[in-house]
Amino acid sequence: MKRTISTDDAPAAVGAYSQATSNGTLLITAGQLPLTTDGELLDDEPVGDQTRQCLHNVEAILESDGLSLDNVLKTTVYLDDIDDFDAFNEAYSEFFESEPPARSAVGVGAVPKGAAVEIEAIATTD
């Protein structure tokens, strides 16, 4: 059975979607932009700082359901400019120091709201 997840510790959804959904086995987050809980978009910050904010948002959503980044099986990363990969990867690595999840990183033409990065995650509830 599908259940939606929402927390005030991550930015509110800015459209017709949930912060995350779960079927009891997996929790899937929506793509997280570098938005603060106050709605401030960090689009003028370096990609490393934007990456950290995206992952803090993912972490807050997971924690609201009793999970942590250790439960993440897979992330998908959308980069506005694939040349930012090294700076992104350096910041990303701070969050997954051991046994990192599987990951796809894709260079796209644009990320919503002019951000440099968007990150979504799939986590296990086991």
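The rules behind each value
Residues numbered from 1 in each chain as written. Predicted model: local features only at pLDDT ≥ 70, side-chain atom pairs only at ≥ 80, totals over all residues. Heavy atoms only, no water. UniProt positions renumbered as here; feature names shortened; annotations may be inferred. Helix = DSSP H or I, 4+ residues; strand = E, 2+ residues; numbered from the N terminus. Rg over C-alpha atoms; globule rule 2.2 N^0.38 Å. Buried < 20%, exposed > 50% of the residue type's maximum accessible area, 1.4 Å probe, protein only. Contact = heavy atoms within 4.5 Å. Areas by Shrake-Rupley, 256 points an atom, 1.4 Å probe, with all protein chains shown as cover. Lys, Arg positive; Asp, Glu negative; His and termini not counted. Charge placed at Lys NZ, Arg CZ, Asp CG, Glu CD.

The chain is annotated in an unreviewed UniProt entry as Endoribonuclease L-PSP of Haloarcula rubripromontorii. Turning to the chain, the UniProt annotation filed under Sequence similarities (unreviewed entry) states: "Belongs to the RutC family."

**Section: the overall build of the chain**
Along the chain, the regular secondary structure elements total two helices and six strands. When the helices and strands of the chain are read in sequence order from the N terminus, they spell out β-β-β-α-β-α-β-β. Radius of gyration (C-alpha) of the chain: 14 Å, near the 14 Å computed for a compact globule of 126 residues. Here the C-alpha coordinates of the chain stretch approximately 40 × 30 × 20 Å along the principal axes. Split into buried and exposed, the 126 residues of the chain put 41% on the buried side. In the chain, once contacts between residues fewer than 6 apart in sequence are set aside, the share between residues at least 24 apart is 71%. For the chain, the accessible area works out to roughly 6600 Å², and carbon and sulfur atoms hold 44% of it. For the chain, the separation between the mean place of its 6 positive charges and that of its 24 negative charges on side chains is 9 Å.

**A word on unusual backbone geometry**
Residue Glu99 is not a glycine yet carries a positive backbone phi of 45°. As for its placement among the helices and strands, Glu99 is situated in the loop between helix H2 (85-93) and strand S5 (102-107). The exposed category is assigned to Glu99, whose relative accessible area is 76%. You will see that Lys113, though not glycine, has its phi angle at about 65°, which is positive. For Lys113, the position within the fold is in the loop between S5 and strand S6 (117-124).

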